[in-house]
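Structure at a glance
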Amino acid sequence: TLEENLVTTTRVVLPWVARRFKEKQIIWVAMLVTGAMLTVYPWASSAWLMGLFSIVLGLFLGSVQPMVMSALHQVTPHERQGQALGLRLMTINVSSVSMPLIFGAASAALGSGPVFWIMAASVTLGSRLARKLSSLYLGVSRRAVPSSDAVKILDGVPSLVDRVDVFEQLQVLGRDCSFFDQQV
(Lines give C-alpha, C1' and ligand atoms only; values in the text may rest on other atoms or scores of the structure.)
Protein backbone atom coordinates (compact mmCIF):
# COMPACT_ATOMS: atom_id res chain seq x y z
CA THR A 1 0.00 0.00 0.00
CA LEU A 2 0.98 3.64 -0.26
CA GLU A 3 1.39 3.94 3.51
CA GLU A 4 3.78 0.97 3.67
CA ASN A 5 5.83 2.36 0.78
CA LEU A 6 6.09 5.77 2.47
CA VAL A 7 7.12 4.23 5.78
CA THR A 8 9.76 2.12 4.02
CA THR A 9 11.05 5.12 2.08
CA THR A 10 11.28 7.17 5.26
CA ARG A 11 13.20 4.41 7.05
CA VAL A 12 15.63 4.15 4.14
CA VAL A 13 16.17 7.90 3.74
CA LEU A 14 16.19 8.93 7.42
CA PRO A 15 19.61 7.43 8.32
CA TRP A 16 21.15 9.29 5.37
CA VAL A 17 19.48 12.55 6.49
CA ALA A 18 20.50 11.99 10.14
CA ARG A 19 24.16 11.54 9.15
CA ARG A 20 24.28 14.68 7.02
CA PHE A 21 22.29 17.18 9.09
CA LYS A 22 22.23 18.16 12.72
CA GLU A 23 19.20 17.20 14.77
CA LYS A 24 18.31 20.85 15.29
CA GLN A 25 18.26 21.39 11.51
CA ILE A 26 15.93 18.44 10.94
CA ILE A 27 13.58 19.51 13.74
CA TRP A 28 13.63 23.13 12.53
CA VAL A 29 12.88 22.26 8.89
CA ALA A 30 10.13 19.83 9.92
CA MET A 31 8.51 22.52 12.04
CA LEU A 32 8.67 25.05 9.20
CA VAL A 33 7.18 22.59 6.70
CA THR A 34 4.47 21.69 9.23
CA GLY A 35 3.65 25.38 9.67
CA ALA A 36 3.48 25.85 5.90
CA MET A 37 1.24 22.82 5.41
CA LEU A 38 -1.11 23.90 8.20
CA THR A 39 -1.28 27.38 6.69
CA VAL A 40 -2.40 26.19 3.25
CA TYR A 41 -4.50 23.20 4.39
CA PRO A 42 -7.77 25.17 4.79
CA TRP A 43 -7.55 26.22 1.14
CA ALA A 44 -7.23 22.67 -0.16
CA SER A 45 -10.02 22.37 -2.70
CA SER A 46 -10.05 18.60 -3.17
CA ALA A 47 -9.58 15.41 -1.24
CA TRP A 48 -6.49 14.63 -3.34
CA LEU A 49 -4.85 17.91 -2.33
CA MET A 50 -5.73 17.30 1.32
CA GLY A 51 -4.24 13.83 0.99
CA LEU A 52 -1.04 15.25 -0.48
CA PHE A 53 -0.75 17.79 2.35
CA SER A 54 -1.36 14.99 4.86
CA ILE A 55 1.38 12.85 3.30
CA VAL A 56 3.86 15.74 3.48
CA LEU A 57 2.87 16.41 7.10
CA GLY A 58 3.27 12.73 7.96
CA LEU A 59 6.68 12.44 6.34
CA PHE A 60 8.11 15.49 8.07
CA LEU A 61 6.52 14.87 11.47
CA GLY A 62 7.52 11.20 11.29
CA SER A 63 11.12 12.15 10.60
CA VAL A 64 11.27 14.21 13.77
CA GLN A 65 10.32 11.47 16.23
CA PRO A 66 13.76 9.80 16.34
CA MET A 67 15.41 13.22 16.66
CA VAL A 68 13.18 14.12 19.61
CA MET A 69 13.96 10.79 21.27
CA SER A 70 17.69 11.39 20.79
CA ALA A 71 17.43 14.93 22.12
CA LEU A 72 15.48 13.70 25.12
CA HIS A 73 18.19 11.16 25.92
CA GLN A 74 20.91 13.77 25.54
CA VAL A 75 19.41 16.34 27.92
CA THR A 76 18.08 13.94 30.54
CA PRO A 77 20.36 12.49 33.22
CA HIS A 78 20.74 8.73 32.75
CA GLU A 79 18.94 7.85 35.97
CA ARG A 80 15.91 9.99 35.01
CA GLN A 81 15.47 8.92 31.39
CA GLY A 82 12.60 6.58 32.27
CA GLN A 83 10.76 9.44 33.92
CA ALA A 84 11.37 11.71 30.93
CA LEU A 85 10.10 9.06 28.50
CA GLY A 86 7.06 8.47 30.72
CA LEU A 87 6.31 12.19 30.83
CA ARG A 88 6.64 12.38 27.04
CA LEU A 89 4.26 9.45 26.59
CA MET A 90 1.78 10.89 29.10
CA THR A 91 1.84 14.26 27.33
CA ILE A 92 1.20 12.59 23.97
CA ASN A 93 -1.71 10.57 25.36
CA VAL A 94 -3.29 13.54 27.16
CA SER A 95 -3.00 15.68 24.03
CA SER A 96 -4.50 12.87 21.93
CA VAL A 97 -7.64 13.14 24.05
CA SER A 98 -7.76 16.85 24.82
CA MET A 99 -6.66 18.44 21.53
CA PRO A 100 -9.53 17.12 19.40
CA LEU A 101 -11.98 18.41 22.01
CA ILE A 102 -10.32 21.82 22.23
CA PHE A 103 -9.88 22.24 18.49
CA GLY A 104 -13.36 20.91 17.79
CA ALA A 105 -14.85 23.52 20.11
CA ALA A 106 -12.69 26.26 18.57
CA SER A 107 -13.68 25.15 15.07
CA ALA A 108 -17.34 25.28 16.02
CA ALA A 109 -16.89 28.84 17.25
CA LEU A 110 -14.43 30.22 14.69
CA GLY A 111 -14.54 27.86 11.72
CA SER A 112 -11.81 25.42 10.74
CA GLY A 113 -9.50 27.86 8.93
CA PRO A 114 -8.54 29.95 11.96
CA VAL A 115 -7.77 26.81 13.97
CA PHE A 116 -5.29 25.65 11.31
CA TRP A 117 -3.74 29.13 11.14
CA ILE A 118 -3.37 29.36 14.92
CA MET A 119 -1.62 26.00 14.92
CA ALA A 120 0.56 27.05 11.97
CA ALA A 121 1.58 30.23 13.80
CA SER A 122 2.33 28.26 16.98
CA VAL A 123 4.48 25.69 15.19
CA THR A 124 6.28 28.35 13.13
CA LEU A 125 7.04 30.44 16.22
CA GLY A 126 8.16 27.27 17.98
CA SER A 127 10.61 26.62 15.16
CA ARG A 128 12.54 29.70 16.29
CA LEU A 129 13.03 28.00 19.65
CA ALA A 130 14.12 24.80 17.91
CA ARG A 131 16.92 26.73 16.21
CA LYS A 132 18.15 27.95 19.57
CA LEU A 133 18.28 24.44 21.01
CA SER A 134 21.80 23.97 19.70
CA SER A 135 23.16 26.05 22.54
CA LEU A 136 21.64 23.56 24.97
CA TYR A 137 22.46 20.16 23.51
CA LEU A 138 21.87 19.65 19.81
CA GLY A 139 25.30 20.85 18.81
CA VAL A 140 26.84 17.90 20.64
CA SER A 141 28.24 15.36 18.24
CA ARG A 142 26.67 11.92 18.19
CA ARG A 143 28.58 9.28 20.10
CA ALA A 144 28.53 5.52 19.99
CA VAL A 145 26.55 3.71 22.65
CA PRO A 146 29.08 1.86 24.82
CA SER A 147 28.48 -1.84 25.35
CA SER A 148 27.47 -1.35 29.00
CA ASP A 149 24.79 1.15 27.95
CA ALA A 150 23.65 -1.21 25.21
CA VAL A 151 23.25 -3.98 27.77
CA LYS A 152 21.19 -1.68 30.02
CA ILE A 153 19.02 -0.63 27.08
CA LEU A 154 18.40 -4.22 25.99
CA ASP A 155 17.76 -5.44 29.54
CA GLY A 156 14.89 -2.98 29.80
CA VAL A 157 13.29 -4.15 26.53
CA PRO A 158 10.89 -7.04 27.09
CA SER A 159 10.47 -8.75 23.72
CA LEU A 160 12.46 -9.54 20.61
CA VAL A 161 10.17 -7.38 18.47
CA ASP A 162 10.76 -4.41 20.78
CA ARG A 163 14.51 -5.10 20.77
CA VAL A 164 14.55 -4.96 16.98
CA ASP A 165 12.69 -1.61 17.14
CA VAL A 166 15.26 -0.23 19.62
CA PHE A 167 18.03 -1.49 17.34
CA GLU A 168 16.48 0.28 14.32
CA GLN A 169 15.97 3.53 16.24
CA LEU A 170 19.60 3.54 17.38
CA GLN A 171 20.76 2.87 13.81
CA VAL A 172 18.65 5.79 12.53
CA LEU A 173 20.33 8.01 15.11
CA GLY A 174 23.76 6.95 13.88
CA ARG A 175 24.64 4.98 17.03
CA ASP A 176 27.14 2.14 17.04
CA CYS A 177 24.99 -0.97 17.09
CA SER A 178 27.60 -3.69 16.68
CA PHE A 179 26.77 -5.02 20.15
CA PHE A 180 23.11 -5.40 19.18
CA ASP A 181 23.96 -7.70 16.27
CA GLN A 182 24.74 -10.43 18.79
CA GLN A 183 21.77 -9.69 21.07
CA VAL A 184 18.89 -9.18 18.61
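Because the structure is predicted, anything quoted here is derived from the model rather than measured.

1. Some points on the overall build of the chain
Looking only at helices and strands, one finds eight helices and zero strands in the chain. For the chain, the sequential pattern of α-helices and β-strands runs α-α-α-α-α-α-α-α. In the chain, which comprises 184 residues, the share counted as buried stands at 27%. Taking the intrachain contacts of the chain between residues at least 6 apart in sequence as the baseline, contacts between residues at least 24 apart amount to 66%.

2. So, the packing of helix 3 (residues 47-75) against helix 4 (residues 81-110)
Helix 4 packs onto helix 3 with a crossing angle of 140 degrees between their chain directions and a minimal axis gap of 10 Å. Read as a crossing pair, helix 3 and helix 4 show a hand that is right-handed. Of the residues in helix 4, those in contact with Gln65, Val68, Met69, Leu72 and His73 of helix 3 are Gln81, Ala84, Leu85 and Arg88. Considering only residue class, the contact of helix 3 with helix 4 consists of five nonpolar, three polar and one charged.

3. A word on the environment of Thr76
Its location among the elements puts Thr76 in the loop between helix 3 and helix 4. Setting aside its immediate chain neighbours within four residues, Thr76 contacts Gln81 and Ala84.

4. Focus: a nonpolar patch on the surface
Judged by side-chain polarity, Val12, Val13, Trp16 and Phe21 come together as a nonpolar surface patch covering roughly 380 Å² of accessible area. The topology assignment puts Val13 in helix 1 (residues 2-20). Taking the relative accessible area as the measure of exposure, Val13 reaches 38% and is therefore partly exposed.

5. Comments concerning the packing of helix 2 (residues 23-40) against helix 3
Contact pair helix 2 / helix 3: the axes reach a minimum separation of 9 Å and the direction vectors enclose 150 degrees. Between helix 2 and helix 3, the angle is such that the two are roughly antiparallel. The handedness of the crossing between helix 2 and helix 3 is left-handed. Residues Glu23, Ile26, Ile27, Val29, Ala30, Val33, Thr34, Met37, Leu38 and Val40 of helix 2 form the contact with helix 3, whose participating residues are Phe53, Val56, Leu57, Phe60, Leu61, Ser63, Val64, Met67, Ser70 and Gln74.

About the thresholds
Residues numbered from 1 in each chain as written. Predicted model: local features only at pLDDT ≥ 70, side-chain atom pairs only at ≥ 80, totals over all residues. Heavy atoms only, no water. Helix = DSSP H or I, 4+ residues; strand = E, 2+ residues; numbered from the N terminus. Buried < 20%, exposed > 50% of the residue type's maximum accessible area, 1.4 Å probe, protein only. Contact = heavy atoms within 4.5 Å. Axes fitted to C-alpha atoms, helices over the stretch in contact; angles between N-to-C directions. Left-handed = near helix turned anticlockwise from the far one by under 90°. Nonpolar A, V, L, I, M, F, W, Y, C, P; charged D, E, K, R; others polar. Patch = residues over 30% accessible without salt bridge, like charges linked within 9 Å, V, L, I, M, F, W, Y side chains within 5 Å. Areas by Shrake-Rupley, 256 points an atom, 1.4 Å probe, with all protein chains shown as cover. Salt bridge = Lys/Arg side-chain N within 4 Å of Asp/Glu carboxyl O. Parallel < 35°, antiparallel > 145°, perpendicular 65-115°, else oblique.

That is the geometry; function is a separate question.
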